[in-house]
Amino acid sequence: MTRVNDFAFKIATANGTGSASANGLIMQAIFRMGVPVTGKNVFPSNIQGLPTWYEIRVSKDGYTARTPYFDLMVALNAATYAKDVAEVRSGGYLMFDSSWPLDESLKRPDVTYLGVPLAEMCNATFKGVRERILMKNIAYAGALAGLIGMDPDVIAALTKEKYAAKKALLDSNEKAIALGYDYVRTHFPCPLPIHLEKMDATRDSILIDGNTAAALGAVYAGATVGAWYPITPATSVMEAFKSFCMKYRRDPETKKKKFAILQAEDELAALGMVIGASWAGARAFTPTSGPGISLMNEFIGLAYYAEVPAVIVDVQRTGPSTGMPTRTQQGDLMMCAYASHGDTRHVCLYPSDPREAFEMAAKAFDLAERFQTPVFLVSDLDIGMNDWMVPKLAWDDAYRPDRGKVLSAGELEQARSFYRYLDIDGDGIPQRTLPGVHPMGAYFTRGSGHNKYGGYTEDADEYQEVLDRIARKVQGAARAVPQPVIRKTPGATMGLVTVGGCHAACMEAMDLLAKDGIALDYLRVRGFPFGDEVRQFLEQHEVNFIVEQNRDAQLRSMLMLDTGVPVEKLESVRYYAGFPMSAHHVISGVKAKLEKAA
Amino acid sequence: MTYITKPTVHHPSLKKNALGLTRRDYEGAITTLCAGCGHDSITAAIIHAFWEMDIAPHKVAKLSGIGCSSKTPAYFLREAHGFNSVHGRMPAVATGANAANGDLIMIGVSGDGDSLSIGLGQLCHAIRRNVNMLYVLENNGVYGLTKGQFSASADPGTTSKKGEANTMEAIDGALLALTLGATFVARSFSGDKDQLVPIIQAGIAHRGFAFVDVISPCVTFNDHEGSTKSYAYTREHAVEVVHADFVPLREPIETTYAEGTVQRVTLHDGSVVKLRKVDKDYDATNRDAAYAAIRDHQRKGEVMTGLLYLSPDSKDVHDQNETVAGSLVSLPHDQLCPGNDALQKLQQQFR
């Protein structure tokens, strides 16, 4: 069956062999042909030698969610042959390195096998072990190009751009691509029935991962201090921040830096540094993942209670404990919302793709400073580390940072008094001063009991007065966080509610469910605390399917706690085994609930 | 922490510094520590040091962790921003504040539990980074606020108030700092203001992490016979090997001591530390010699005091980072945000 611009393939290799550049080349080539494409990197927590996969989905309809149905498997890792063969859709194809014979037990009658002697060809063409291994990857990219009909001109242009400054590498790459491309064109009917044709659907888009986008958001919002401890899958946030700062934030003459990046001794220290920097008046942030948030809990409570801004980017991975560090999950929803001992409640922002990661990263700094409290950008590994096709990013040059109620030296000079924790205008947000500015602004920041004047207290009423005001302040943020995305379907009486990266799977699932006559209204929460719109949506629908990626239905719990909507109205649909959610998870989950109710 | 507000009325005859401020202007709230606490003497030395150096109090940021010692920033420099953070984590907060605004004059006050147990890691890394701050470790060998447990600086054989003996080795803050590459290491005694004030001043002027371990007896839980951190023990066993005299930039440097026993070290701001040496062969710019000398005195049951080590070429966090001069906080947004044109251009590489 011919399928144009609507199929998925998967490349199985061992990590540390250089397959990433080949996979990147394939992604970019498809994108430049104007065809919507997404890639999911399924990698081990390891540097060299363990199985790794790269999944590419081509979708003329623009669906970006992961699909577990593969039309073509590029099986180049003998260690995973059996698993990889099993994953091919019936009627699909499997390309393998025919330099060695494939065991008969791996043959499936419903799959077409395409043997390409990649190692043999590369050994004959290239010298040295390293180049032979690297070029074998480029050669499979060439073979794929032939099989699925990539435009050779696009590939040639991409290769030239990439190796413009390295002539020797350019020659090797061009040679390797030709090896694969020419071989499949000679030996198989190319292109296969599943293939690409040029479109014009990517003109206004980019391919970007969410960690890069979040780092860019931090740069644009004016963050000057970044503190961090390396952790998968958040590491590339700070790496990207550093490279953007080196590009945009150095004095043109002296090359001195207008930023400071502190690689801390652990996540505790990283957040401590952010709190110190924010207290001193800088925009500061720390990127981390769940284990880091666990360690930061004490400091999160300090920032909440002492009312110090802090931006924390949580690129979630699977938990509990070390979990699977290179797999995705939404397992930190509740921890971020209620982190630290005592009564706390935190402002959270939930991006669904890299574009929102960019916008919300910038927004997080405004909210942290306006509300003088920690703000979490709750991303995940899928959003953070995979390449997504999203509309181009834009920045409003009229933007000015919202520094909140920070008093200047002039304002302090005029002031007759200044009390750090006094609510002067009823919004629950007190005035703030920075060290080094004016003697009138001095106050004592403390995580111990304090009254509204900033003094230490063990007085019951004084203590409670401050704690209640902070609760009011944070509730006020419900109106300032990004509002939910709502999509209504005529005649729908049921709702589909989700968060973050599940968006892509839900969009696709709703289209498919509609074809089965199941009409749903849609709501995606984008910020916490949840506002009235969320509560009203839940109340308006007979039943709401709450779609999320964790075992314990954390989003559903938060919706119950925050909106008071009874649990009977909230049916949980979950997938949490580590891969990004697919439409079929949503569809089967919704259908199972409906069948049970019927 | 608990405190009682102090009246700010001054006697007109009080001596004024170059800013026209009296020592009273450098005070804070009234202490709530036990009467006779060594920490209060250190507070007095800090007040004196800042006043004498003509530093405007609001240019200072004072930070601490948790514990008796960490209460003390409330008791000095009321016009400075204070930050009583969480237990053992003051170094990280200070590092961040310093990264944001390198113009702040920073003092951190900590204790032996805060620095050598729960916060040992943070202290080590602040030393490694050479954060530009004065770090005062008020060292009494016990946990005071929780009523007398041994801390990590309690010497082996020390007995608690209840008579229980400590069996574990002590962590010596000065030796630790030397090992980690500290650029300024001093030890003093809370009861020796003449020695402590110039050390604090040199520490403030030093560009980098100035580690000052101050033996500060706990009158309530660790001032008995059997304690090596008591007033009596320290007075008897403290040996001053190097006395620091701090000479601010504006004052002429007069040699008041015989040549050959004075070692001069010029700090980054031009001020000078004169080290008057009791032991003629002691070289305070030699890390290995300092380490060996401290160990030698320890073997003899003595506590070596003074400015023990000072690196003449200290590079702080901002020197290492190559940060622009001044404070990152004061940079205008248009210098930080590349703008939409740059964003559109950048995105060519994402296609």
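Residues numbered from 1 in each chain as written. Chains lettered and ligands numbered in written order. Predicted model: local features only at pLDDT ≥ 70, side-chain atom pairs only at ≥ 80, totals over all residues.

## Regarding the overall build of chain B
Going by this rule: Put simply, DSSP marks the helices as runs of H or I at least four residues long and the strands as runs of E at least two long, and each gets a number from the N terminus on. With the radius of gyration taken over C-alpha atoms, the globule rule is written as 2.2 Å times the number of residues to the power 0.38. With C-beta atoms placed from the backbone, a residue is labelled by how many other C-beta atoms lie within 10 Å of its own: buried for 20 or more, exposed for 12 or fewer, partly exposed between the two. Placing C-beta atoms from the backbone, we regard two residues as in contact once those atoms come within 7 Å.
The number of helices and strands found in chain B is 11 helices and 12 strands. Relative to the 2.2 N^0.38 estimate, which gives 20 Å for 351 residues, the radius of gyration of chain B is 21 Å and therefore close to what a compact globule would have. Projected onto its principal axes, the C-alpha positions of chain B cover 75 × 50 × 50 Å. The burial tally for chain B puts 53% of its 351 residues in the buried class. Considering only residue pairs separated by 6 or more positions, chain B has 71% of its internal contacts joining residues 24 or more positions apart.

## A short note on the overall build of chain A
If you tally the helices and strands in chain A, you get 19 helices and 23 strands. For 598 residues, the compact-globule formula gives about 25 Å, and the C-alpha radius of gyration of chain A, at 26 Å, lands near that figure. Expressed along its principal axes, the backbone C-alpha trace of chain A runs to roughly 85 × 70 × 40 Å. Residue burial in chain A is summarised as follows: out of 598 residues, 55% are buried. Once local pairs closer than 6 in sequence are excluded, the contacts in chain A between residues at least 24 apart make up 75%.

## Quick look at the sheet that holds strand β18 (residues 485-487) of chain A
All names here are of chain A. Worth spelling out the cut-off: Think of it this way: DSSP has to see at least two bridges between two strands before they count as a pair. For helices, the fitted axis covers only the stretch in contact; all axes are lines through C-alpha atoms, and the angles between them, taken along N-to-C directions, range from 0 to 180 degrees.
Pairing is mixed across the open sheet formed by 5 strands, whose spatial order is β18-β20-β19-β22-β23. Pairing within the sheet leaves two strands with one partner each, and these edge strands are β18 and β23 (570-574). The average undirected angle you get between the axes of adjacent strands in this sheet is 20°. By the bridge criterion, 6 bridges tie strand β19 (residues 494-499) to strand β20 (residues 520-525) in an arrangement that is parallel. Its bridge partner being in β20, L496 is matched across the sheet by Y522. Taken strand by strand, helix α17 (residues 532-540) contacts β18, β19, β20 and β22 (543-548), and its axis lies near 155° from that of β20.

## Description of the sheet that holds strand β10 (residues 225-228) of chain A
All names here are of chain A. Spatially, 7 strands are ordered β11-β10-β12-β13-β15-β14-β21 in an open sheet, and the strand pairing comes out mixed. Each of the sheet's edge strands pairs with one partner strand only, and the pair in question is β11 (260-263) and β21 (527-528). Of the strand pairs in this sheet, β10 and strand β12 (residues 284-288) are connected by 2 bridges, and their pairing is parallel. Counterpart to V225 in the pairing with β12 is A284. Across the face of the sheet, helix α12 (residues 354-371) comes into contact with β13 (310-316), β14 (347-349) and β15 (374-380) while running at roughly 165° to β15.

## Some thoughts on the interface of chain A and chain B
Applicable threshold: For this classification, the nonpolar set comprises Ala, Val, Leu, Ile, Met, Phe, Trp, Tyr, Cys and Pro, the charged set comprises Asp, Glu, Lys and Arg, and every other residue, Gly included, is treated as polar.
Contact residues are listed per partner, giving 55 residues for chain A and 51 residues for chain B. Broken down by secondary-structure element, the contributors of at least two residues to the side of chain A that touches chain B are β9 (205-208), α7 (210-221), β10, β11, α9 (267-279), α10 (290-306) and β17 (444-446) of chain A. Its residues assigned to classes, the side of chain A that touches chain B comprises 34 nonpolar, 10 polar and 11 charged. By the bridge criterion, 3 bridges tie β17 of chain A to strand β2 (residues 81-84) of chain B in an arrangement that is parallel. Opposite T445 of chain A, over in β2 of chain B, you have F83 of chain B as the bridge partner.

## Topic: α12 of chain A
The test is simple: Each residue after the first adds 1.5 Å to the expected span of a helix.
Compared with the 26 Å implied by 1.5 Å per residue over 18 residues, the 25 Å span of α12 of chain A between its first and last C-alpha is a close match. Q372 of chain A lies just past α12 of chain A and shows a positive phi near 50°.

## What about unusual backbone geometry?
Of the consecutive residues C190 of chain A and P191 of chain A, the connecting peptide bond is found in the cis state with omega at -5°. By the element assignment, P191 of chain A lies in the loop between α6 (167-187) and β8 (194-195). The omega torsion across F528 of chain A and P529 of chain A is 0°, close enough to zero to call that bond cis. Position of P529 of chain A relative to the elements: it lies in the loop between β21 and α17. If you check the backbone angles, E322 of chain B has positive phi at about 60° while not being a glycine. Following the sequence through the fold, E322 of chain B ends up in the loop between α10 (317-321) and α11 (339-346). The class of E322 of chain B is partly exposed, set by 13 C-beta atoms lying within 10 Å.

## Points about the packing of helix α3 (residues 118-125) of chain A against helix α4 (residues 129-148) of chain A
Residue and element names in this part refer to chain A. Spelled out, the test is: Roughly parallel means an angle under 35 degrees; roughly antiparallel, over 145; roughly perpendicular, 65 to 115; everything else is oblique. Crossing handedness follows the turn of the near helix against the far one: under a right angle anticlockwise gives a left-handed crossing, and clockwise gives a right-handed one.
Their axes nearest at 9 Å, the elements α3 and α4 cross at an angle of 125°. On the basis of their axis angle, the class for α3 and α4 is oblique. Remark: the crossing between α3 and α4 carries right-handed chirality. Between α3 and α4, the residues in contact are L118, A119, M121, C122 and N123 and R132, M135, K136, A139 and Y140, respectively. For the contact of α3 with α4, the per-class residue count stands at 7 nonpolar, 1 polar and 2 charged.

## Re α4 of chain A
All names here are of chain A. Across its 20 residues, α4 extends 29 Å between first and last C-alpha, which sits within 8% of the 28 Å expected from 1.5 Å per residue. Across the 20 residues that make up α4, a large majority, 15, are buried. Phi for G149, located one or two positions after α4, is positive at around 75°.

## Looking at the confidence of the model for chain B
Defined as follows: Across the chain, each position has a pLDDT score giving the predictor's confidence in that residue, from 0 to 100.
Confidence along chain B averages 92 in pLDDT terms, with 95% of residues attaining 70 or more. Scored as a complex, the prediction yields pTM 0.97 and ipTM 0.96.

## So, the nonpolar core
Going by this rule: By convention in this section, buried Ala, Val, Leu, Ile, Met, Phe, Trp, Tyr and Cys residues joined through C-beta atoms within 7 Å make up a nonpolar core.
Counting residues in each nonpolar core, the largest one holds 280 residues, and the members touching the most others are V74 and A361 of chain A together with V185, V212, L307 and L308 of chain B. Excluding anything up to four places from it in sequence, L307 of chain B contacts A186, I199, A202, V242, A244, V273, L275 and A284 of chain B.

## A few points about the packing of helix α1 (residues 19-32) of chain A against α4 of chain A
Residues and elements named next belong to chain A. At a closest axis distance of 8 Å, the pairing of α1 and α4 adopts a crossing angle of 25°. Between α1 and α4, the angle falls in the class roughly parallel. Taken as a pair, α1 and α4 cross one another with a handedness that is right-handed. Across the interface between the two elements, S19, S21, A22, L25 and I26 of α1 pack against N137, I138, Y140, A141 and L144 of α4. Here the contact of α1 with α4 is built from residues that sort into 7 nonpolar, 3 polar and no charged.

## Overview of the environment of Q329 of chain A
Residues and elements named next belong to chain A. With respect to the secondary-structure elements, Q329 resides in the loop between β13 and α11 (333-338). Classification of Q329 as buried rests on a count of 26 C-beta atoms within 10 Å. In the structure, Q329 is positioned 246 residues away from Y575 in sequence and 8.7 Å away in space, judged by C-alpha atoms. Each residue touching Q329, except ones within four places of it in the same chain, is listed here: Q316, R317, T318, G319, D380, Q549, N550, Y576 and G578.

## Focus on the domain arrangement of chain A
Residue and element names in this part refer to chain A. Where we set the bar: Residue ranges for the domains originate in an automatic or database domain assignment.
Examined at the domain level, chain A breaks down into domain 1 (3-202), domain 2 (208-391), domain 3 (409-479) and domain 4 (485-597). The centre of domain 1, based on its C-alpha atoms, is set 36 Å off from the matching centre of domain 4. Taken residue by residue, the interface counts 7 residues in domain 1 and 8 residues in domain 4.

## Some details on the pairing of strand β9 (residues 238-247) of chain B
Residue and element names in this part refer to chain B. Among the 10 residues in β9, 7 count as buried, and that is most of the element. As paired elements, β9 and strand β11 (residues 272-277) share 6 bridges and run antiparallel to each other. Paired with V247 across the strands is V272, a residue of β11.

## With respect to the environment of L275 of chain B
Residues and elements named next belong to chain B. Relative to the helices and strands, L275 resides in strand β11. Judged by the 24 C-beta atoms lying within 10 Å of it, L275 is buried. Spatially, the C-alpha atom of L275 lies 37 Å from that of K6, the residues being 269 residues apart in sequence. Once you skip the residues sitting within four places of it in the chain, L275 turns out to touch V242, A244, V262, Q263, V265, A284 and L307.

## A word on the pairing of β19 of chain A
All names here are of chain A. The cut-off we apply is this: Handedness of a crossover is defined as follows: with both strands directed away from the viewer, a clockwise route from the first strand across the helix to the second makes it right-handed.
With 5 of 6 residues buried, β19 lies mostly within the body of the structure. As paired strands, β19 and β22 are joined by 5 bridges and run parallel to one another. Looking across to β22, one finds that M494 is bridged to V543. Viewed along the sheet, the connection from β19 through helix α16 (residues 503-515) into β20 turns out right-handed.

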